[in-house]
Every structure is written in C-alpha cells, then in structure tokens.
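# Inside the fold
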Amino acid sequence: MNSNVATKSITSVTDKTYKILEKENKYMSYTTRVPYYPLVVDKAKGSIVTDIEGNEFIDFLSSAAVINTGHNHPKVIKAINDQVKKFVHYTPAYMYHEPHTNLAEKLIEITPGNFKKRVAFGLSGSSSVDGAIKAARCYTGRTKIISFLRSYHGTTYGALSVSGYGVEMRRKMNPLVPDVEFIPYPDCYRCINNQKFPGCDLTCFRYFENLLETVLPKEEIAAVIFEPIQGDAGIITPPQKYYEKLVSLCRKNNILLIADEVQTGFGRTGKMFACEHFGLEPDIIVMGKAIASGMPLSAIVARSEIFESWNAPVHFFNTAGNVISCSAAIATIDVIKEDELISNANVQGNYIIDRFKPLMDKFDCIGDVRGKGLLIGVDIVKDRDTKERDINKTAKICWRCWEKGLILAFFSGSVLRIAPPLTLSSQEAERAMDIIEEAISDVEEGLIPDEVLEQIKGW
Ligand SMILES: Cc1ncc(COP(=O)(O)O)c(C=O)c1O
C-alpha cells in the first residue's frame, strides 16, 4: 500500500497547464467534460496523482470510482505488459482467447446468486446497461422498464432513457427509448413525501404499487433497473425493508431485477458488490468502471436462461472483451482479494465517516454524511432543516481542496464525492481529512472568491 502522502500545501499552475486547457477548449466537444479545476495529469501511483507542474494530490475521486486498486498497481500493470507482448486484440466475437473465458468464469464466481449464469462483455457501463435492457425485453417478451428518479445509468440511448438524473441530459434527445417509467428512489434524507423512515411505512413504495393498480399492467413490465446504492444522486442507501418489498413484488409478478453495479462494484462499498449488503440476488448485474482498473471494459452477468433467449448478433462489439482489458480485470479481481482491499475500504471508510462526525458540530453547512465502505457522500446545505443544497459552497470546498493538494469532486449539486482508491493508507486518509477540514473552514471564512465558480461546475 502506498504511504507516500502529498505534502504541498498550495498548488501552483503555470502557462504550461493553461496552454493545454486552451487547446482542449478549442478542439474538444463541450459534451465530454464536467469542469473542475486545471489539473493536467502527468503520472499517478497508488492514491497519489501528480500533475504536469509537479503538484501532488491525494486522489479522493479515483477517476470517478474506477481506480479501486490504486493507480498503476504493479500486478495490474504486469498483467497488461505481459499481454501486450503477446497480442493486443483479436475480437472475441470471432475467435477465442483465454483471458476472455477465464474472466467470465471469475465474474460468475464473485457475483451474488448461486445459480447458473452467463456473461456478455461491453465497452462501457452504458453499453452494458443497454444490453441488460435488451436482454430483459427479449427474455420476458415484455417491453416496460421501471427505473428510478435521480438514477444515473449512462449516456448511450438506452442508458440515457432509463436515467432519471436530470432534465439537462434529456433535453432535445427525444424520442428516447420508449416504455420507461420512473418511480421515486427511497431517499430517506430528502424524502419526496417529506416523511421519516420507518414511520413513513415506505410511502415511496406505495407510489409504485399505485402505478401498478392504475396505469401500468404488471404483465407488461420486463424489469426494474436500480443502483443498489444510488451513486451520482449523492450516495443514497435505501432501507433494507424497501428491497424486501421490491423483491417480493418483482418475484410475484415475474419482473426481472437488473442491478447496476457500475459504480458500486468491485469492493467500492465494502463488499464485492453492493447488492450483498441487502442480500439481493438480481437476475442481471451490470458492471463497468473499476472492473479492469481503468482499461475499457464492462460486463453483464445474467441468469443463464436470460442470455439463452437471444443470439448473435443481438449484442456484441468488436473490441468488447479486449484481451488486455480482460487480463487487467483478472488481475484487478485478484488484487482486490489478495491485498484485502475490501477490508481496507471498510477501515478507511469508517475512519472518514468518524472524522466527519465532529465536523458536523463545527460546520452547520454539513447536512448529512452517508455511505458505505469508500463510497461516501457529504451533503452541503444552506440550512439543515430545509436541506436546501449549497451548490456554490460545495464547489468552493472542492476548489480549495485542489489548492491544498486533494482531488475532491461533487455531484448532485451539493454532495462531496468521497471515493478514493481502496488502497488508501491511514496516513493518506488522515491528511486528506485535514485538508477537507481546512478547506471547509476557509470557505466558511469567505476566503474563496466567487470567481472560482466560473471555472468549477461539477456534476
Ligand atoms: C451507476 C452507473 N451506471 C452506469 C454508468 C455509465 O458508465 P460509463 O460511463 O462507463 O458508460 C455510470 C457512470 O458513471 C454509473 O455511475
């Protein structure tokens, strides 16, 4: 585990960085970027990222929960290098290769559910979400998909169509994939019905039942797609009871459960998959992001009979299941197990949550601290009672953290996104929390000018 803690207190940026930003702004589509701060990555190792200016940062983002094994883990790099020397690509759609087959076997072993499964690889989380929707429709012969408000499943047409993240993503995109209905996610911090669990008796679930009683025939529903813990919505963990009701309703009516574990998978939440926290055994699991430690790859693992209901060429991509990506993924799974990263995610995650508790007494702007393992959200609010999001303060805190040597991002407008590599050391966790505390204090004292808000837009 890397214990090299970033020490620089104030980040310095020169023309070297700004020239690259200018070029990027000139040539790149605006759709591909969520702006944070001027950080041009030069190299990265473990939890430390170094920019082209030589500034060092503790990485509390891990490339959006992708680098679970830490940057450039030697075993992952060795697997990539060993494979590069042999061959770089031959499409598994036509020929066979061992890493492809071996990875499929491993994924079946590590996913919840003691039943026969099959695997289909993809290029991104989004492409595998599309595949899951297609598989569910094909297998059930039904068309309707239920998804959740504020969910994020990706940006291909299928994934976008089941994403309830925000209207900006959907504006001018019609016609989206039809037959998708949205229901409220059980968000007990910002309850849509303004109630408190358990007294509420899950009125959010009643909404779903009402839909089924009034406008949505059950036998037309192919699947419910859900994030076991909503990620980009700001780390929302449903009560266990909600899942008990959902599973019971779906099983009774032959509705498939599709778990999107793209963000929560591969040890991120302190279990290999977040479904394990709730004892869920979904019919289809979608995974991506951390699966190959940053090499492009995604996968769908489904009950065998679901994948047996459709044939080629319904869902394949030339470079899906690329041999280097598969080799990196096998090494990733081995590293997560051998280096006991799941246990470290729980240790460091608990430490971070414990450090935030006294900060809630110190800073009124911290409305809520929540999450599991190393997927933690800190909600920054204008008022603890109204829970109104303080978007500007959130952005300024992240900006100040960057100035002090910590990569910290936010989503859902006001939620600090804490998702470091699972290799994070105790010293790194301590230093990063010191920086966050100093940053919040600096923002509260008004030291961060409004001009930074022109640059940092977040997610
Ligand atoms: C839960 C979830 N599903 C799907 C996706 C889409 O993955 P990708 O960006 O690899 O297409 C994401 C990405 O953030 C995600 O968080």
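In case you missed it, the structure is sitting above this.
Description of the structure in this document. (Residues numbered from 1 in each chain as written. Predicted model: local features only at pLDDT ≥ 70, side-chain atom pairs only at ≥ 80, totals over all residues. Heavy atoms only, no water.)

### Re the environment of Gln 263
What counts here: Strands are runs of DSSP state E lasting at least two residues, helices are runs of H or I lasting at least four, and both sets are numbered from the N terminus onward. Each residue is assigned to one of three classes by its accessible area relative to the maximum for its type, calculated with a 1.4 Å probe on protein chains only: buried under 20%, partly exposed between the two thresholds, exposed over 50%. Pairs of residues are marked as contacts when any of their non-hydrogen atoms sit within 4.5 Å. Any pair of N or O atoms that falls within 3.5 Å is considered a polar contact. Within protein, one atom must be able to donate a hydrogen and the other to accept it, and sequence-neighbouring residues count only if both atoms are side-chain atoms.
With respect to the secondary-structure elements, Gln 263 resides in the loop between strand S8 (256-260) and strand S9 (284-287). A relative accessible area of 8% places Gln 263 in the buried class. A C-alpha to C-alpha distance of 19 Å links Gln 263 and Ala 331, two positions 68 residues apart in sequence. Filtering out sequence-adjacent residues up to four positions away, Gln 263 remains in contact with Ala 65, Gly 231, Asp 232, Arg 268, Lys 289, Leu 375, Phe 411 and Arg 417. Of the polar contacts made by the side chain of Gln 263, one reaches the side chain of Asp 232; its length is 2.8 Å.

### What about the packing of aromatic side chains?
Threshold: To pair, rings of Phe, Tyr and Trp, with the six-membered ring standing in for Trp, must have centres within 6.5 Å; the planes then decide the type, stacked if under 30 degrees apart, edge-to-face if over 60, and tilted in the middle.
This structure, assessed with the given rule, holds 16 aromatic pairs. The interplanar angle of 10 degrees and the centroid separation of 5.5 Å between the aromatic rings of Tyr 37 and Trp 402 together place this pair among those described as stacked. Taken together, the positions of Tyr 37 in the loop between helix H1 (15-27) and strand S1 (41-45) and Trp 402 in helix H13 (residues 391-403) put the pair 365 residues apart, joining distant regions of the chain. Each member of the pair Tyr 37 and Trp 402 is classed as buried.

### Description of the packing of helix H3 (residues 74-86) against helix H11 (residues 323-338)
Heads up, the condition is: Only the contacting stretch of a helix is used when fitting its axis, a line to C-alpha atoms as for every element, and angles between N-to-C directions run 0 to 180 degrees. Oblique is the label for any angle not covered by the other classes, which are roughly parallel (under 35 degrees), roughly antiparallel (over 145) and roughly perpendicular (65 to 115). Note: crossing handedness is left-handed where the near helix turns anticlockwise from the far helix by less than a right angle, and right-handed where it turns clockwise.
Where H3 meets H11, the axes come as close as 8 Å, and the angle between the chain directions of the two elements is 155 degrees. Judged by the inter-axis angle, H3 sits roughly antiparallel to H11. In this structure, H3 meets H11 at a crossing whose hand is right-handed. Two secondary-structure elements touch here, H3 through Lys 75, Val 76, Ala 79, Ile 80, Gln 83 and Val 84 and H11 through Val 323, Ile 324, Ser 327, Ala 328, Ala 331, Thr 332, Val 335 and Glu 338.

### With respect to the sheet that holds S8
Threshold: Think of it this way: DSSP has to see at least two bridges between two strands before they count as a pair.
One open sheet accounts for seven strands, arranged S4-S10-S9-S8-S7-S5-S6; its pairing is mixed. On the outer flanks of this sheet lie strand S4 (117-122) and strand S6 (180-183), each paired with one strand and no other. Recorded for the sheet is a direction-independent mean angle of 20 degrees between the axes of neighbouring strands. Here S4 pairs with strand S10 (residues 298-303) via six bridges, running antiparallel.

### Notes on the nonpolar core
For the record, the criterion: Only buried residues count toward a nonpolar core, which is a set of Ala, Val, Leu, Ile, Met, Phe, Trp, Tyr and Cys residues joined through side-chain atoms within 4.5 Å. Boundaries between domains were set according to an automatic or database domain assignment.
Phe 60, Leu 107, Phe 266, Phe 356, Ile 366, Leu 408 and Ile 436 are the most contacted members of the largest nonpolar core, which has 81 residues in total. A per-element tally of this core places H11 first, with ten residues. In this structure, this core is formed jointly by two domains, domain 1 (15-69 + 340-454) and domain 2 (75-338), each of which donates at least three residues. Setting aside residues up to four positions removed in sequence, Ile 436 forms contacts with Phe 60, Phe 356, Cys 401, Leu 406, Leu 408 and Ile 418.

### Quick look at the site of the ligand
Operational definition: Here, proximity means that at least one heavy atom of the residue falls within 4 Å of the molecule or strand. Only the protein chains shown count as cover for residues, with accessible areas throughout obtained via the Shrake-Rupley method and a probe of 1.4 Å. Residues are grouped as follows: nonpolar covers Ala, Val, Leu, Ile, Met, Phe, Trp, Tyr, Cys and Pro; charged covers Asp, Glu, Lys and Arg; every other residue, Gly included, is treated as polar.
The full set of residues close to the ligand is Ser 124, Gly 125, Ser 126, Tyr 152, His 153, Gly 154, Glu 227, Asp 260, Val 262, Gln 263 and Lys 289. One of the backbone nitrogen or oxygen atoms of Tyr 152 is found 3.4 Å away from a nitrogen atom of the ligand. Contact with the protein chains removes 83% of the 390 Å² of surface that the ligand exposes when unbound. When grouped by side-chain class, the residues that make up the shell around the ligand number two nonpolar, six polar and three charged.

### Considerations on empty space enclosed by the protein
Which entries qualify depends on this criterion: Lining residues are those with an atom within 4 Å of a point, where the points come from a 1 Å grid over the protein atoms alone and group into cavities, where a 1.4 Å probe fits but cannot get out, or pockets, open sets with protein on both sides within 12 Å along at least five of seven lines. Grid points are joined across faces, edges and corners, and a volume is the space filled by probe spheres set on the points.
Taken as a whole and judged by the stated rule, the model has one cavity of 30 Å³ or more. Roughly 30 Å³ of volume is contained in the largest cavity. If you trace the largest cavity, you find it lined by Pro 112, Phe 115, Lys 117, Pro 282, Asp 283, Ile 284, Ile 285, Val 301 and Arg 303. For the lining of the largest cavity, the secondary structure elements donating two or more residues are S9 and S10. Tallied by class, residues from the lining of the largest cavity come to six nonpolar, no polar and three charged.

### A short note on helix H9 (residues 240-252)
Put simply, the rule is: A helix is expected to span 1.5 Å for every residue after the first. As used here, the arc is the angular range of directions from the helix axis to the C-beta atoms.
Here H9 is 13 residues long and its end C-alpha atoms lie 19 Å apart, about the 18 Å a rise of 1.5 Å per residue gives. Taken together, the buried positions of H9 are Tyr 242, Tyr 243, Leu 246, Leu 249 and Cys 250. For H9, the angular spread of the buried residues around the axis is 135 degrees, confining them to a single face. Along its buried surface, H9 packs onto strand S5 (144-148), S6, helix H8 (203-214), strand S7 (221-226) and S8.

### Looking at the state of the cysteines
Defined as follows: Throughout, disulfides are identified as pairs of cysteine sulfur atoms within 2.5 Å of each other.
Taken as a whole and assessed by the stated rule, the structure comprises zero disulfides. You can see Cys 200 has no disulfide; the closest cysteine sulfur is in Cys 191, sitting 6.1 Å from it. This cysteine, Cys 398, is not joined by any disulfide, and Cys 401 carries the nearest cysteine sulfur, 6.3 Å off. For Cys 398, a relative accessible area of 0% translates into the label buried.

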